[in-house]
Structure formats: C-alpha cells, structure tokens
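# A structural walkthrough
So the chains spell out like this:
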2 protein chains.
Amino acid sequence: MSSWTLYDYLPSGNGYKCRLAMHQLGKPFRLVQKDIVAGMTRTPEFLALNANGRIPLLDLGDGRRLAESNAILLFVAEGSPLVPADPWERAQVYQWLFFEQYSHEPNVATPRFWLQHVPEEKIDRVQLAKKQDLGRAALGVMDRHLSTRTFFVGERYTVADIALYAYTHVADEGGLDLAPFPAVLRWLARVKEQPRHVTITYLG
Amino acid sequence: MSSWTLYDYLPSGNGYKCRLAMHQLGKPFRLVQKDIVAGMTRTPEFLALNANGRIPLLDLGDGRRLAESNAILLFVAEGSPLVPADPWERAQVYQWLFFEQYSHEPNVATPRFWLQHVPEEKIDRVQLAKKQDLGRAALGVMDRHLSTRTFFVGERYTVADIALYAYTHVADEGGLDLAPFPAVLRWLARVKEQPRHVTITYLG
C-alpha cells in the first residue's frame, strides 16, 4: 500500500486532474475528502498542512506535501509519457498548464462553482457574466489551437490535456455551452478514450 | 546577436520576470514593446502570434513562440542553477509558480494595474477591496513560508523567487502595504542583492 494521501474534494476539477493522472499511471493513493463548501480546508488543522487552504494537496507520508494541482500533475507524471522529455515540448506543456490556471480555471471553473454551490440570491450576476465571457474566450483559444491538432502538445496525450480536460468537460455546469467549439468537443472525446480513463467522481 | 525576441510591456511584472531571468542568465534578446493599455496585444497581427492576446511572448525566431511568463522562465532557465535538477525541489518550484499565477498575480498585480492605468471613476471599488484582501492573504502565505527560509525553495535563488518578486516588490502601487510582512521584506532585499539584478524598467 502506498503511503501517498491526496486531500481532495470529489467535485473539484483540480483534484480530478491528480486522481485521473495517478489512476492512469497506476500510482496508488489514499483519498481523504475535504468538503470545501463546508470550510474543511480552512480549519487550523488543514491550514497546518497547506497554508494556502486549498485542495488538492498531495501528502507523501514522509513529511513532504505538495499543493497546486498542476504541480502535482508534473510531479506524479515526471518520467512517464504524460510529461515530454524534449525541452521544447515541455515548455509548451508548461505554457498550457499556466494558461489553464490563469485564463481558463478562474473563468470556467468559478462559474460552475457559483452555479452549483452558491445560493442563487448570493450570486453576483454581473461578475458571473464577465467570467463566462472570459471563459468563452479561453475556450476559443483552445478551439483554434485544437482545430489542427489531436492533443495540445506533440500530437499525444500529456498532462496539458488532463489539466484542460478537468473543467472543460463540465463547462456546461457553469453555463458555458461547448457547441460553438467543435474542435474542443472532438478533443474531449479523444481524452475520454484514453486507456484507464475514469470519471470525475470515480472512487476506485 | 540572438534571434530571440521578447514581446513585452515595460511596467508588466510578468514581462519583468523574463527580462530579469534572461539578463541574469546572460541570454541576449531583442525587446519589442507592446502597450497593453493601448490595446496593442489585441490587434489581428499580435493575435496571430499569441491567440491569447497577452505579453510576454518569447519568439525564438524560427517559427517557435512561447507564451505565459512562468513557462518562459522555466524554458529559458532550464539547466541553470535557477531551476533545480532534483525532482522534489522542482516540484516545489512548480507549486510556487502556480501559486503565483492563481493566488498572487490576480490579487496583487490586478489592483496595481487598476490603480495605475484605469481612470478612477471606472474602478470597481468593491472588486478592488476584494482583490486586495486576497492579495494580503497571498502575501501572508509567503510571509509564513519565508519566516524560516532565505528563499522559496532549497535555500537558494530560483525562478520561484523571480516569479514572486516581480509583482511583490511593487505591491504598494496596488495599495498593498508590505509592512505587516517582515519576512517578505527581508526576502525582497535578498532577491535585489543577487548578481546582475536589474529593475523592472531596465532597458539594457
């Protein structure tokens, strides 16, 4: 049995990235669920594990802990085909991982979180519409890139695809229709067909 | 003469990261300034170079182009002491780079951009205060981490320090006072003392 523990919240796309990659790589881990809606990542106990108060958090069981979903992805997949060895391909993987956290996640994941977890009367509709517009812009950047490619980098499945799949495949839950992005839809289907693919709520 | 071109905007902390690292590494490049306030990164010509419409953008002069400041940092510094070779140290560098783009930049850099470049009557004061609160939270996470360390990872200067220095050292321009974060202030001084350090508006 592995001594790795992933602190996570099952509906989280950020957590799903790590769970999907570790499942596909055959790396066993124990899942400890922390309900972010109930504030379980802001308790003194959890803040002692991750001062930034966020899941996912990978605990290696020897005192080492790693936060940030895309850092966890790069760490667990290093040396596997999911992370290219070629410096230029690696650089492009990095580019898409940072694009995901800066231009995509705040505008595709956040509307989903608000619409799924925040009481309707507490949702700021102006901010929601702004974020959805930026979310559509990010999906447009992805669609243009994928219109001539099968995957984001090097024509094969990498952690860049895992990171961008996580919230894109549930974008509709944030009020974002993927129909205007046909290349994204075809790519989603290709990601889903990868060996050992599991769904966002798969519990092993 | 190098054939590398950096498309950039001089006041940009994201651009500064790349300029500072390339200067410290002795990598020559040509700087092409794009005024983001004047919309120069959203022209059809620039969107053909970077579909996401953002600086910094590194053009290698052979058809290859790389976006996302932290991806550029990792690419230009790979193999140098600024990027650790050890897998666990690398993972921690990744963690802080993603922290910077997700928890720090949107809340430390954006208030600065609004206060420096947006007409006062157009600033959303509620959003500004929210971002400043989150900015102080990010600075608090950094201060706690640095209270027992000289640099972010491995007790030496890496791209994680460069990335976090870029907007932290001008946080006051976004209305964020650094006085409550003494470990951050001591670390800023250490970064500034590094060989071949240059300021954000240094033009070579």
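Quantities reported herein were computed from a predicted structural model and do not represent experimental measurements. (Residues numbered from 1 in each chain as written. Chains lettered and ligands numbered in written order. Predicted model: local features only at pLDDT ≥ 70, side-chain atom pairs only at ≥ 80, totals over all residues.)

For a regular strand, side chains alternate in direction, first toward one face of the sheet and then toward the other. All names here are of chain A. Inspection of the sheet shows strand β1 (residues 5-8) paired to strand β2 (residues 30-33) by four bridges, in the parallel sense. Among the inter-strand pairings, D8 is bridged to a residue of β2, identified as Q33. In terms of handedness, the path from β1 via helix α1 (residues 13-25) over to β2 forms a crossover that is right-handed. The sheet contact formed by β1 and strand β3 (residues 57-59) spans three bridges and is antiparallel. By the bridge assignment for β3, T5 is matched with D59. (Pairing = 2+ DSSP bridges. Helix = DSSP H or I, 4+ residues; strand = E, 2+ residues; numbered from the N terminus. Right-handed = clockwise from strand over helix to strand, strands pointing away.)

Listed per partner, the contact involves 25 residues of chain A and 25 residues of chain B. Of all the secondary structure elements, the ones that give two or more residues to the side of chain A that touches chain B are β4 (65-67), α3 (69-77), α4 (87-117) and α5 (125-146) of chain A. Among the elements that take part in the side of chain A that touches chain B, α4 of chain A stands out by supplying 11 residues, more than any other. The residue makeup of the side of chain A that touches chain B, split by class, is 15 nonpolar, six polar and four charged. (Contact = placed C-beta atoms within 7 Å. Nonpolar A, V, L, I, M, F, W, Y, C, P; charged D, E, K, R; others polar.)

Once turned by 180 degrees and shifted 0.0 Å along the axis, chain A lies on chain B with an RMSD of 0.0 Å. These values place the two chain copies in the arrangement generated by a two-fold rotation axis. Minimal C-alpha distance to the rotation axis in chain A is attained by Y102 of chain A, lying at 3.1 Å. Taken together, the interface assignments show that 100% of the residues at the interface of chain A recur at the interface of chain B, consistent with an identical surface on both copies. (Least-squares fit on C-alpha atoms with pLDDT ≥ 70 in both.)

All names here are of chain A. If you check α5, its first and last C-alpha atoms are 31 Å apart, about what 22 residues at 1.5 Å a residue would give, namely 32 Å. Buried within α5 are the following residues: K131, Q132, G135, A138, L139, M142, D143 and L146. Buried residues of α5 fall within an arc of 140 degrees about the axis and therefore sit on the same side. In this structure, α5 carries V126, A129 and D133 as exposed residues pointing more than 90 degrees from its buried face. Taken together, the buried residues of α5 touch α4, α6 (159-168) and α7 (182-192). (Expected span 1.5 Å × (residues − 1). Buried ≥ 20, exposed ≤ 12 C-beta atoms within 10 Å, placed from the backbone. Arc of directions from axis to C-beta.)

Right, let's talk about the domain arrangement of chain A for a bit. All names here are of chain A. The domains assigned to chain A are domain 1 (5-77) and domain 2 (87-192). If you average the C-alpha positions of domain 1 and of domain 2, the two centres end up 21 Å apart. Listed by partner, the interface residues are 11 residues for domain 1 and 11 residues for domain 2. At six residues, the largest contribution of residues to the side of domain 1 that touches domain 2 is made by α1. When grouped by side-chain class, the residues that make up the side of domain 1 that touches domain 2 number seven nonpolar, three polar and one charged. (Domains from an automatic or database assignment.)

On to the packing of α1 of chain A against α3 of chain A, then. Residue and element names in this part refer to chain A. Two elements in contact, α1 and α3, have axes whose closest approach is 9 Å; the angle formed by their N-to-C orientations is 10 degrees. Relative to α3, α1 is oriented roughly parallel. Taking contact as the criterion, the partners of N14, G15, K17, C18, A21, M22 and L25 in α1 are, on α3, S69, I72, L73, V76 and A77. Split into classes, the residues belonging to the contact of α1 with α3 amount to eight nonpolar, three polar and one charged. (Axes fitted to C-alpha atoms, helices over the stretch in contact; angles between N-to-C directions. Parallel < 35°, antiparallel > 145°, perpendicular 65-115°, else oblique.)

Time to look at unusual backbone geometry. Residues and elements named next belong to chain A. P56 follows I55 through a cis peptide bond whose omega is -5 degrees. Considering the arrangement of structural elements, one finds P56 in the loop between α2 (44-49) and β3. With a phi close to 60 degrees, R196 is a non-glycine residue in the positive phi region. Mapping R196 onto the fold places it in the segment after α7. Classification of R196 as exposed rests on a count of 9 C-beta atoms within 10 Å.

The strands making up a sheet associate through backbone hydrogen bonding, with each pair oriented either parallel or antiparallel. All names here are of chain B. If you walk across this open sheet you meet the four strands as β2-β1-β3-β4, and the pairing is mixed. Every interior strand has two partners, whereas the edge strands, β2 (30-33) and β4 (65-67), have only one. Averaged over all adjacent pairs, the angle separating strand axes in this sheet is 20 degrees, with direction ignored.

Glancing now at the sheet that holds β1 of chain A. Residues and elements named next belong to chain A. Strand order in the open sheet formed by four strands is β2-β1-β3-β4, and the pairing between neighbours is mixed. Only two strands of the sheet have a single partner each, and these edge strands are β2 and β4. On average, each strand axis in the sheet is inclined to that of its neighbour by 20 degrees, with strand direction left out of account.

All right, on to the packing of α4 of chain A against α6 of chain A then. Residue and element names in this part refer to chain A. Packing of α4 against α6 brings their axes to within 9 Å, and their N-to-C directions diverge by 5 degrees. When the axes of α4 and α6 are compared, the pair comes out roughly parallel. Of the residues in α6, those in contact with V93, W96, L97, E100, H104, E105, V108, A109 and R112 of α4 are V159, A160, A163, L164, Y167 and T168. Split into classes, the residues belonging to the contact of α4 with α6 amount to 10 nonpolar, two polar and three charged.

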